[in-house]
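# Secondary and tertiary structure notes
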Amino acid sequence: MRWRRYGEHAALLDCASLAEMSAARATLAEAALDGVEEIVPGARTLLVVASAGALEAARSLLASADLDHPPAGDAREVVLDVRYSGEDLSLVAEDAGLSVDEVVALHTGAVYTVAFTGFAPGFGYLAGLPAQLRQPRLTSPRTRVPAGSVAIADEYSGVYPRESPGGWRLIGHTEATLFDPSAERPALFTPGLRVRFRSV
């Protein structure tokens, strides 16, 4: 891990892997250090916004932490009902050398964790996709992906919170609301949340 100064009141932690970033985020979140205002995870980075003293405390904490055995973190879990009828479901099955039913079984059998958010309000990058389903993004992205589309790309699964362009492989659809700016918690997906998918 390597720390870099990021403006006057923040530091950016470069991590070797998604797992290391997730462990560092969970460790800092559980510690709830005084003076830490915000922790923003990325695929291989962790931005810590804090006072100078709190940044030093965060550095010391992570230097001595056992990141191979991080805190369990957010115990909340959501289950999303999905109709597995996505445009790319057959393509995913073919490229994986599986049947469509096997793809659905693998996708619904995994427990995912929101590693970080981005791309669009409410979009979560869900870690935990089974290795057999890891496939690249589409060569040519779609100009329009419907809201609620359940998709996979690389090592992640995700759900499009609103209609937008996108290049992930679409395998299903959910009616769940992922982002509601008028709600007390606007985004359903927050880092550390566990997510399961259920076929309906």
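Let me sum up the structure you'll find in this document. (Residues numbered from 1 in each chain as written. Predicted model: local features only at pLDDT ≥ 70, side-chain atom pairs only at ≥ 80, totals over all residues. Heavy atoms only, no water.)

### Some thoughts on the overall build of the protein chain
Here is the rule: Put simply, DSSP marks the helices as runs of H or I at least four residues long and the strands as runs of E at least two long, and each gets a number from the N terminus on. For the radius of gyration, the atoms used are the C-alpha atoms, and the globule rule reads 2.2 Å times the number of residues raised to 0.38. Each residue's exposure class comes from its accessible area (1.4 Å probe, protein chains only) as a fraction of the maximum for that residue type: buried when under 20%, exposed when over 50%, partly exposed otherwise. Any pair of residues with heavy atoms lying within 4.5 Å of one another is described as a contacting pair. Per-residue and other accessible areas follow the Shrake-Rupley method at a 1.4 Å probe size, with only the shown protein chains counted as cover for residues.
The helix and strand inventory of the protein chain stands at four helices and 13 strands. On C-alpha atoms alone, the protein chain measures out to a radius of gyration of 18 Å, which is about the 16 Å that the 2.2 N^0.38 rule sets for 200 residues. Projected onto the principal axes, the alpha-carbon positions of the protein chain cover approximately 55 × 35 × 30 Å. Classification of the 200 residues of the protein chain by burial places 43% in the buried group. Contacts spanning at least 24 positions in sequence make up 62% of the contacts within the protein chain whose residues lie at least 6 apart. Element-wise, carbon and sulfur atoms account for 50% of the exposed surface of the protein chain, whose accessible area totals about 10,100 Å².

### Quick look at helix 4 (residues 100-109)
Rule in force here: The arc in question is formed by the directions pointing from the helix axis toward the C-beta atoms.
If you check which residues of helix 4 are buried, you get Val103, Val104 and His107. Each buried residue of helix 4 lies within a common arc of 95 degrees when the element is viewed along its axis, so the set occupies one face. Exposed residues on helix 4 whose side chains face more than 90 degrees from its buried face are Asp101 and Gly109.

### Details of the side chain of Asp14
Operational definition: Polar contacts, as counted here, are pairs of nitrogen or oxygen atoms within 3.5 Å of one another; within protein the pair requires one atom able to donate a hydrogen and one able to accept it, and residues that are adjacent in sequence qualify only if both atoms are side-chain atoms.
Inspection of the secondary structure assignment puts Asp14 in strand 2 (residues 10-14). The class for Asp14 is buried, based on a relative accessible area of 16%. Among the polar contacts made by the side chain of Asp14, one reaches the side chain of Arg4 at a distance of 2.7 Å. Sequence-distant contacts of Asp14, defined by excluding residues within four places in its chain, comprise Met1, Arg2, Arg4, Arg44 and Thr45.

### Here we look at the packing of helix 1 (residues 18-31) against helix 2 (residues 52-64)
This is how the line gets drawn: Here an angle of 0 to 180 degrees is reported between the N-to-C directions of two axes, which are lines fitted to C-alpha atoms, with helices fitted over the stretch in contact. Orientation categories follow fixed angle ranges, with anything under 35 degrees roughly parallel, anything over 145 roughly antiparallel, 65 to 115 roughly perpendicular, and all other angles oblique. In this scheme, a crossing is called left-handed if the near helix is turned counterclockwise away from the far one by less than a right angle; it is called right-handed if the turn is clockwise. Three classes are used: nonpolar for Ala, Val, Leu, Ile, Met, Phe, Trp, Tyr, Cys and Pro, charged for Asp, Glu, Lys and Arg, and polar for all others, with Gly counted as polar.
Running from amino to carboxyl end, helix 1 crosses helix 2 at an angle of 125 degrees, the nearest separation of the two axes being 10 Å. One element, helix 1, and the other, helix 2, form an angle in the oblique class. Here helix 1 runs over helix 2; the crossing is right-handed. Contacts between helix 1 and helix 2 involve Ala24, Thr27, Leu28 and Ala31 from the former and Ala58, Leu61 and Leu62 from the latter. For the contact of helix 1 with helix 2, the per-class residue count stands at six nonpolar, one polar and no charged.

### Things to note about the nonpolar core
What counts here: Throughout this description, the term nonpolar core refers to a set of buried Ala, Val, Leu, Ile, Met, Phe, Trp, Tyr and Cys residues connected via side-chain atoms within 4.5 Å.
Ranked by internal contacts, the top residues of the largest apolar core, which has 28 residues, are Leu18, Tyr160 and Trp168. Only strand 2, helix 1, strand 4 (45-50), helix 2, strand 6 (112-117), strand 7 (124-127) and strand 9 (149-153) provide two or more residues apiece to this core. Ranked by residue count, the leading element in this core is helix 1, at five residues. Counting residues in hydrophobic clusters, the runner-up holds 24 residues, among them Leu89, Ala93, Val114 and Phe197.

### A look at the pattern of salt bridges
When charged atoms on two side chains of opposite charge get close, those side chains can pair. Note the threshold: When a carboxyl oxygen of Asp or Glu is within 4 Å of a side-chain nitrogen of Lys or Arg, the pair counts as a salt bridge.
A complete count under the given rule lists twelve salt bridges for this structure. Asp14 is paired through a salt bridge with Arg4; the nearest N and O atoms lie 2.7 Å apart. Of the two residues, Asp14 is situated in strand 2 and Arg4 in strand 1 (residues 2-5); the sequence distance between them amounts to ten residues. When the shortest N-O distance is used, the salt bridge between Arg142 and Asp88 registers 2.8 Å. On the criterion of sequence distance, the pair formed by Arg142 in strand 8 (residues 142-145) and Asp88 in the loop between strand 5 (77-82) and helix 3 (89-96) is long-range, its members being 54 residues apart.

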